[in-house]
Amino acid sequence: MASGNDYIASIDIGTDKIAVLLAEKEDDDRLRIIGHNISPSDGVRKGSISAIDPLSRAISKALDQTQKSFDLEIGLVRVNLSDIHLTCTDGYGKVPIHEVVTSNDVDKVLETASAIPTPTNKEKLHTIKKKFIIDENNIVDNPEDMEAEVLESKVHIVTVSSVSVRSIENCLKKCDLMIDKIVLDPIANSEAILTQEEKDGGVCLIDFGAGVTSYSVFQDEGIVRSGVISMGGDDITQEIAFAFDTSFEEAKRLKEDYGCAKSSAIKDEQFIEFVQATNKDSHHLSNLQLSEVIEEAYVDILSTLKNELRHHNLDANIKSGFVLCGGGAQALGFEELVREFFTRRVKIGVVQRNRISGLETILMDYRYMSSIGLLLHQEDLPQFLFLLHSF
């Protein structure tokens, strides 16, 4: 059985599924996926843990299956977090320089930028370094050894509910697992999908999950915003159930087998047999009627996202367009719907192969994207740089 020191393990905890991946580091520092598993989730509602015991049992089952199938022992893992109560803040630091920027100067300006008070019910999940500014006008990635009088920096700070973090920690502790790192879900997805060119040009990555829809916005200076909207694929399923008086399970079948997110894309109207919740007799609905309900539900989610982007003055800066991922993004006609709604370039995200390899069936499977992003996630700023405050 392979040792846990030889590879990296990730667990994507979702509302409807748990995705486990294991990868080993190759000589060129690329990762190669060597183990994988998808299992049903339990104890998660709207992307957040609602019951620790059922979820810990579901995770343990997924891990057992993975370990037996690939003869690997999992002990240290990376895991994702989705929190509708997250907040994003940019910290700013400025220090005087004596002739040339040193590593100590860099540490000091980052420490100053990171010194933002955190409420007692929240904690910093990410502190991400952005660009540096020398003498107020020269923007650089690494200012060390450059001549300067003043050095400025920005960091992007993501804070989340302490309850959400403790829930994940307690859940994985029940599974006899140690946590390597916890990564915000949209940030993990961006590691797997987005190119640096897309980030620099201004892009919004949207992940349409079962319980929630999460997003991250990038511009040339780095990440500028992340958010989680408490609506997802399950809400669309529920709208179908309400519209046609059917069970959630039957509505999900209709959505997955016959659904289309853009009603105008349907050329041939067909009638679908289904079962209502209150009347077990055979009933029929048209695929056009079904599509109209699905489209309206998607537009509700997109409208909420659009309002958030406008509120934060980001909608005009997304020049590279939108990149879509998650189960909800796989719906027929959805890419066209988003393109029409935002009048921007839109594409379905795919895993960037320059940093990771493995079975093509895994790399192409949207259900593993967040797990891949967790494997690829780069370190945030070291914790020892931070001045941690609370009030």
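Residues numbered from 1 in each chain as written. Predicted model: local features only at pLDDT ≥ 70, side-chain atom pairs only at ≥ 80, totals over all residues. Heavy atoms only, no water.

Draft legend 1. How the structure looks around the pattern of salt bridges. Applying the stated rule across the entire model yields 18 salt bridges. For Arg166, the salt bridge is made with Glu123, and the minimal N-O distance between the two is 2.8 Å. A residue pair is termed long-range when its members are at least 10 positions apart, and Arg166 in helix α3 (residues 162-174) and Glu123 in strand β8 (residues 122-134) qualify at 43 residues. Taken together, the salt bridges that share partners define one network made up of Glu24, Glu26 and Arg32. (Salt bridge = Lys/Arg side-chain N within 4 Å of Asp/Glu carboxyl O. Helix = DSSP H or I, 4+ residues; strand = E, 2+ residues; numbered from the N terminus.)

Draft legend 2. Looking closely at the sheet that holds strand β11 (residues 178-184). On the basis of which strands lie adjacent, the open sheet formed by six strands has the order β11-β6-β1-β2-β3-β19 and mixed pairing. The open sheet has two free edges, formed respectively by β11 and β19 (356-357), since each of these has just one partner strand. Sheet analysis places strand β1 (residues 7-13) next to strand β6 (residues 76-81), joined by three bridges and oriented parallel. Looking at the pairing, Ile11 lines up with Val79 of β6. Strands β1, β2 (17-25) and β3 (31-40) of the sheet are contacted by helix α1 (residues 52-70), whose axis makes an angle of about 135° with β3. Contacting β6 and β11, α3 crosses the sheet at an angle of about 145° to β6. (Pairing = 2+ DSSP bridges. Contact = heavy atoms within 4.5 Å. Axes fitted to C-alpha atoms, helices over the stretch in contact; angles between N-to-C directions.)

Draft legend 3. Main features of the nonpolar core. Membership of the largest hydrophobic core comes to 61 residues, with the highest contact counts inside it found for Ile11, Ile59, Ile74, Leu177, Ile356 and Ile372. In terms of residue count, β2 provides more of this core than any other element does, six residues in total. Phe274, Leu285, Leu309 and Phe334 belong to the second-largest nonpolar core, a separate cluster that totals 36 residues. (Core = buried A, V, L, I, M, F, W, Y, C linked by side-chain atoms within 4.5 Å. Buried < 20%, exposed > 50% of the residue type's maximum accessible area, 1.4 Å probe, protein only.)

Draft legend 4. Quick peek at the side chain of Lys199. With respect to the helices, strands and loops of the structure, Lys199 is situated in helix α5 (residues 196-201). Buried charge without a partner: Lys199 forms no salt bridge, and the closest opposite charge is Glu191, 5.2 Å away. In this structure, Lys199 is in contact with Ser190, Leu194, Phe218, Gln219 and Asp220, ignoring residues within four places of it in sequence. (Lys, Arg positive; Asp, Glu negative; His and termini not counted.)

Draft legend 5. View of the sheet that holds β8. Overall, antiparallel pairing links the four strands, which are arranged β7-β10-β8-β9 in an open sheet. Each edge of the open sheet carries a strand with a single partner, namely β7 (87-96) and β9 (138-140). Shown here is a sheet whose adjacent strand axes are inclined to one another by a mean of 30°, direction ignored. Taken together, the 10 bridges between β7 and strand β10 (residues 150-161) define a ladder with antiparallel strand orientation.

Draft legend 6. Examining the side chain of Lys181 more closely. Looking at the secondary structure, you find Lys181 in strand β11. For Lys181, a relative accessible area of 10% translates into the label buried. If we ignore the near neighbours within four places in the chain, the residues touching Lys181 are Val77, Arg78, Val79, His377, Gln378 and Glu379.

Draft legend 7. Geometry of the packing of helix α8 (residues 287-311) against helix α9 (residues 334-342). The contact between α8 and α9 brings their axes to 11 Å, and the two run at 45°. Classified by the angle their axes make, α8 and α9 are oblique. Once α8 is placed against α9, the crossing between them reads as right-handed. Here Glu295, Tyr298, Val299, Leu302, Ser303, Leu305, Lys306 and Leu309 of α8 lie close against α9, whose contacting residues are Phe334, Leu337, Val338, Phe341 and Phe342. Classifying every residue of the contact of α8 with α9 gives 10 nonpolar, one polar and two charged. (Parallel < 35°, antiparallel > 145°, perpendicular 65-115°, else oblique. Left-handed = near helix turned anticlockwise from the far one by under 90°. Nonpolar A, V, L, I, M, F, W, Y, C, P; charged D, E, K, R; others polar.)

Draft legend 8. Up close: α1. Helix length check: α1 (19 residues) gives 27 Å between terminal C-alpha atoms against 27 Å at 1.5 Å per residue, within 8%. Phi for Asp71, located one or two positions after α1, is positive at around 55°. (Expected span 1.5 Å × (residues − 1).)

Draft legend 9. Region of interest: the packing of aromatic side chains. Summed over all chains, the structure comprises six aromatic pairs. The interplanar angle of 80° and the centroid separation of 5.0 Å between the aromatic rings of Phe341 and Phe342 together place this pair among those described as edge-to-face. Chaining the aromatic ring pairs together yields one cluster made of Phe208, Tyr298 and Phe334. Over the ring of Phe341 we find Lys306; its NZ or CZ atom is 4.8 Å from the centre of that ring. (Phe/Tyr/Trp six-rings, centres within 6.5 Å; stacked < 30°, edge-to-face > 60°. Lys NZ or Arg CZ within 6 Å of the ring centre and 35° of its normal.)

Functional significance is not addressed by these values, which are geometric in nature.
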